[in-house]
Amino acid sequence: MNANSKVNKDNFFNYLINLLDHMKTFTYGIYKEHNTWYIQSPENLEKSKLGVCHDFSLYAYYHLTRNGYNCKLMYLTNSSVTKTHSFVIVSIDNKQYWFESAWGDYIGIHELKNGYKDIVSLWAKDENIDINDIAVNSDVFTSELLKNKNIPYRTYFNIVQKSFIQGNEDIDISTNKI
């Protein structure tokens, strides 16, 4: 069951606002254990309250899908993989909303006019990256990310970049669908 059949739009926005307000209590920073950087499970992030966009987006994805909302975890990178970002897009009533909990100036809930393409354009401008130098993964293997307590950062990257590593064509940012 997805959010469209489970709740009305007012409940949808109330849930998003409450989730975002709760996540604003988290601190942006790298979570390390024994000098190893980890991307945390939602349960561990709830305890540590410390993470980066990858932790935050996985946490949001987990809570949104667990409550029946139709969403996708998205991952962006430049071709040299020196800049990355993860976020969630949520859909209801044939509209898409960007749920951003980590990217300073853009923290909030934003209606998308052109799907994830809106976010890619902002990110390219903000990070001073040529938009043609950005790879987008809209099919992140979330089940692999959610099955462990914490995932070493390198393992996380191997999972979210699997479609790039396997040489599969990824989504075309000229389309508006997730």
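Provided above is the structure to which this section pertains.
Asks: Can you walk me through the packing of aromatic side chains in this structure?
Replies: In this description, a pair of aromatic rings is defined by centroid distance and the angle of the planes. For the structure on display, the rule yields 17 aromatic pairs. Between F26 and F56, the aromatic rings sit 5.9 Å apart at their centres with planes inclined by 50°, giving tilted as the arrangement. With F26 in the loop between α2 (9-23) and β1 (27-28) and F56 in helix α4 (residues 53-66), this pair connects stretches of sequence that are 30 residues apart. For the residue pair F26 and F56, the accessibility class agrees, reading buried in each case. With a centroid separation of 6.1 Å and 65° between ring planes, the pair formed by Y75 and F157 is classed as edge-to-face.

Asks: How do you make sense of α4 when you look at a structure like this?
Replies: The periodicity of an α-helix, 3.6 residues per turn, causes residues three or four places apart in sequence to face the same way. Here α4 contains 14 residues, and its C-alpha end-to-end distance of 19 Å stays within 8% of the 20 Å for a straight helix at 1.5 Å per residue. Among the 14 residues in α4, 11 count as buried, and that is most of the element. Every buried residue of α4 is listed here: C53, H54, D55, F56, S57, L58, Y59, A60, Y61, H63 and L64.

Asks: What am I meant to see in the sheet that holds strand β10 (residues 150-152) here?
Replies: The strands making up a sheet associate through backbone hydrogen bonding, with each pair oriented either parallel or antiparallel. Spatially, three strands are ordered β2-β3-β10 in an open sheet, and the strand pairing comes out antiparallel. Looking at which strands have only one partner, the edges of the open sheet turn out to be β2 (31-33) and β10. Between one strand axis and the next, the sheet turns through 50° on average, direction left out of account. Alignment of β2 against strand β3 (residues 36-40), held across three bridges, turns out to be antiparallel. From the neighbouring strand, K32 faces β3, where its bridge partner is W37. Set on the sheet, helix α7 (residues 153-160) makes contact with β3 and β10; between it and β10 the angle comes to about 90°.

Asks: How should the packing of α2 against α4 be read in this particular structure?
Replies: The relative placement of two packed helices is expressed as an angle between their axes plus a distance between the axes. The geometry of α2 relative to α4 is characterised by a closest axis approach of 11 Å and an angle of 145° between their N-to-C directions. As α2 packs across α4, the resulting crossing turns out to be right-handed. On the side of α2, the interface is formed by Y15, L16, L19, H22 and M23, while α4 contributes F56, Y59, A60, H63 and L64. Across the contact of α2 with α4, the residue classes tally to eight nonpolar, two polar and no charged.

Asks: Looking at this structure, I do not really get the pattern of salt bridges. What am I missing?
Replies: It is possible for side chains bearing opposite charge to pair when their charged atoms get close. Tallying each qualifying case throughout the model produces four salt bridges. Of the charged contacts in the structure, one is a salt bridge between K24 and D21, with a shortest N-O distance of 4.0 Å. Residue classification places K24 among the exposed positions, given a relative accessible area of 52%. Measuring nitrogen to oxygen at the nearest pair gives 2.7 Å for the salt bridge that ties K49 to E46. On the basis of relative accessibility, which here comes to 25%, the residue K49 falls in the partly exposed class.

Asks: Whenever I open this one, the environment of S143 confuses me. Can you help?
Replies: As for its placement among the helices and strands, S143 is situated in helix α6 (residues 142-145). Under the relative-accessibility criterion, S143 is labelled exposed at 55%. Remark: the alpha-carbon pair of S143 and Y62, spanning 81 residues in sequence, is separated by 9.9 Å.

Asks: Explanation requested: the nonpolar core in the structure shown.
Replies: A general feature of soluble globular proteins is that nonpolar side chains tend to end up buried together. Of all hydrophobic cores here, the largest spans 34 residues; its most connected members are M23, L64, V88, V90, F99, L145 and Y156. Listed by contribution, the elements that provide at least two residues to this core are α2, α4, β5 (70-78), β6 (84-92), β7 (95-100) and α7. The leading source of residues in this core is α4, at seven residues. Here Y156 is in contact with I39, H54, Y75, S86, L145 and I151, once residues within four sequence places are set aside. Core analysis: the next-biggest nonpolar cluster, separate from the first, contains 15 residues, M74, W98, A124 and V136 among them.

The rules behind each value
- For every chain, the first residue of the written sequence is number 1, and numbering continues from 1 onward in sequence order.
- This being a predicted model, a pLDDT of at least 70 is required before a residue's local features are given, and a value of 80 or more before pairs of side-chain atoms are given or counted; all residues contribute to the totals for chains, interfaces and linings.
- As a convention, hydrogens and water are excluded, and side-chain values are obtained from all of the structure's heavy atoms.
- Paired rings are identified among Phe, Tyr and Trp, the last through its six-membered ring, by centres lying within 6.5 Å, and are further divided according to the angle between planes into stacked (under 30 degrees), edge-to-face (over 60) and tilted (the rest).
- Strands here are runs of E lasting at least two residues and helices are runs of H or I lasting at least four, both read from the DSSP assignment and numbered beginning at the N terminus.
- Each residue is assigned to one of three classes by its accessible area relative to the maximum for its type, calculated with a 1.4 Å probe on protein chains only: buried under 20%, partly exposed between the two thresholds, exposed over 50%.
- One less than the residue count of a helix, multiplied by 1.5 Å, gives the span that helix is expected to have.
- One bridge is not enough; two strands pair if DSSP finds at least two bridges between them.
- Between N-to-C directions, angles span 0 to 180 degrees; the directions come from axes that are lines fitted to C-alpha atoms, helices contributing only their stretch in contact.
- Whether two residues touch is decided by their heavy atoms; if any such pair falls within 4.5 Å, the residues are in contact.
- What makes a crossing left-handed is the near helix being turned counterclockwise from the far one by less than a right angle; a clockwise turn instead makes it right-handed.
- Each residue gets one label: Ala, Val, Leu, Ile, Met, Phe, Trp, Tyr, Cys and Pro are nonpolar, Asp, Glu, Lys and Arg are charged, and the others, such as Gly, are polar.
- Note on definitions: salt bridges are taken to be side-chain nitrogens of Lys or Arg within 4 Å of carboxyl oxygens of Asp or Glu.
- The nonpolar core is taken to be a set of buried Ala, Val, Leu, Ile, Met, Phe, Trp, Tyr and Cys residues, with the residues joined through side-chain atoms within 4.5 Å.

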